[in-house]
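The primary structure of each chain is shown beneath.
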Amino acid sequence: GESVGLHLPTLSVQEGDNSIINCAYSNSASDYFIWYKQESGKGPQFIIDIRSNMDKRQGQRVTVLLNKTVKHLSLQIAATQPGDSAVYFCAERIADYGQNFVFGPGTRLSVLP
Amino acid sequence: KAGVTQTPRYLIKTRGQQVTLSCSPISGHRSVSWYQQTPGQGLQFLFEYFSETQRNKGNFPGRFSGRQFSNSRSEMNVSTLELGDSALYLCASSKAAWQVLTNTGELFFGEGSRLTVL
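Residues numbered from 1 in each chain as written. Chains lettered and ligands numbered in written order. Predicted model: local features only at pLDDT ≥ 70, side-chain atom pairs only at ≥ 80, totals over all residues. Heavy atoms only, no water.

### Re the overall build of chain A
Secondary structure assignment for chain A yields zero helices and 10 strands. Counting helices and strands in the order they occur from the N terminus, chain A gives β-β-β-β-β-β-β-β-β-β. Taken over the C-alpha trace, chain A has a radius of gyration of 14 Å; the compact-globule value for 113 residues is 13 Å, and the two agree within 12%. With the C-alpha coordinates of chain A rotated into their principal frame, the extents come out at 45 × 30 × 20 Å. Counting all 113 residues of chain A, 46% fall into the buried class. (Helix = DSSP H or I, 4+ residues; strand = E, 2+ residues; numbered from the N terminus. Rg over C-alpha atoms; globule rule 2.2 N^0.38 Å. Buried < 20%, exposed > 50% of the residue type's maximum accessible area, 1.4 Å probe, protein only.)

### A few points about the overall build of chain B
Helix and strand counts for chain B stand at zero helices and 11 strands. Secondary structure elements of chain B occur, N-terminal to C-terminal, as β-β-β-β-β-β-β-β-β-β-β. Over its C-alpha atoms chain B spans a radius of gyration of 14 Å, differing by no more than 12% from the 13 Å that the globule rule assigns to 118 residues. Split into buried and exposed, the 118 residues of chain B put 52% on the buried side. Taking the contacts inside chain B whose residues are at least 6 apart along the sequence as the reference set, 56% of them involve residues at least 24 apart. Accessible surface, chain B: about 5,500 Å² in total, of which carbon and sulfur atoms supply 49%. (Contact = heavy atoms within 4.5 Å. Areas by Shrake-Rupley, 256 points an atom, 1.4 Å probe, with all protein chains shown as cover.)

### Side note on the confidence of the model for chain A
On average, residues of chain A score 89 in pLDDT, and 90% of them reach the 70 mark or higher. Per-residue pLDDT stays below 50 along residues 1–6 of chain A; that stretch engages in 13 contacts with residues further than four places along the chain or on separate chains. (pLDDT = per-residue confidence, 0-100.)

### Quick word on the packing of aromatic side chains
Under the counting rule described, the total for this entry stands at 12 aromatic pairs over all chains. Centre to centre, the rings of Tyr35 of chain B and Phe109 of chain B are 5.8 Å apart; their planes meet at 55°, and the pair counts as tilted. Of this pair, Tyr35 of chain B sits in strand E4 (residues 31–38) while Phe109 of chain B sits in strand E10 (residues 108–109); the two residues are 74 residues apart in sequence, bridging distant segments of the chain. Like Tyr35 of chain B, the residue Phe109 of chain B is buried in the burial classification. On the basis of an interplanar angle of 65° and a centroid distance of 5.7 Å, the ring pair of Phe47 of chain B and Tyr49 of chain B is categorised as edge-to-face. Among the aromatic residues, those joined into a cluster by ring pairs are Tyr36, Phe46, Phe89 and Phe103 of chain A together with Tyr35, Phe45 and Phe109 of chain B. (Phe/Tyr/Trp six-rings, centres within 6.5 Å; stacked < 30°, edge-to-face > 60°.)

### Thoughts on the pattern of salt bridges
Residues and elements named next belong to chain B. Scanning all chains against the criterion turns up eight salt bridges over all chains. Asp85 is the salt-bridge partner of Arg63, the closest N and O atoms lying 2.8 Å from each other. Taken as a pair, Arg63 in the loop between strand E6 (53–57) and strand E7 (64–68) and Asp85 in the loop between strand E8 (74–78) and strand E9 (87–94) lie far apart in primary sequence, 22 residues in all. Salt bridges sharing partners connect three or more residues here, namely Arg63, Glu82 and Asp85. (Salt bridge = Lys/Arg side-chain N within 4 Å of Asp/Glu carboxyl O.)

### Here's the deal with the nonpolar core
Of all hydrophobic cores here, the largest spans 21 residues; its most connected members are Trp34, Leu46, Phe64, Met76 and Tyr89 of chain B. Of all hydrophobic cores here, the second largest spans 19 residues; its members include Ile21, Leu66, Ile77 and Cys90 of chain A. (Core = buried A, V, L, I, M, F, W, Y, C linked by side-chain atoms within 4.5 Å.)

### Some words on the sheet that holds strand E5 (residues 56–58) of chain A
Residue and element names in this part refer to chain A. If you trace the four strands from one edge of the open sheet to the other, you get E2-E7-E6-E5, paired in antiparallel fashion. Bordering the open sheet on either side are strand E2 (19–24) and E5, each of which pairs with just one other strand. Mean inter-strand twist for the sheet, computed between neighbouring axes without regard to direction, equals 15°. Of the strand pairs in this sheet, E5 and strand E6 (residues 62–67) are connected by three bridges, and their pairing is antiparallel. Bridging from a neighbouring strand, Gln58 pairs with Thr63 of E6. (Pairing = 2+ DSSP bridges. Axes fitted to C-alpha atoms, helices over the stretch in contact; angles between N-to-C directions.)

In structure tokens, the structure reads:
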């Protein structure tokens, strides 16, 4: 099943290169951010998260950077692999009571052989 | 452990009908959220339930409703279906409805229920 729109931003990278996916979020009061990966026909999968009191967090091959001044989030994937091809969404949690997340429009990452 | 389970995976309805979708969260997760995913609008928050109570609601008409049972399983219902309701409906569970300081808040998604309205 499709998970993307006709006009989804696309990033094409060579296998082995690093990828950087960007996201602008909307609410300066958002306290928590997550990057998700969605493959065709599947639900979104958690990649990495970051709280608003941090500006950088690293995982295995992935790094998330948060710039609260300009409300910008980025996901860096090191040594991109074919299995990384998917749509990537950033999500911000509105800092009220509950688990109300606002998702970005998504970016399609295509890894070229 | 088993992930989030959604049923049915696919269904086709006609305009005016109603539909009920089911979600079983990960064992121990008490918060269940529902999202609608369409090519045009992306992922949009519908509502969140915790301990059988709706905690948050997105900007959807009253035709969209939900509930949560004592075992944390959740259902959502869409009445008087419209063509624009065709979408992938995703359920996500997490450990708690809040605890900004004490948990990650990570949402675990199911595979979704794909609804087609003809």
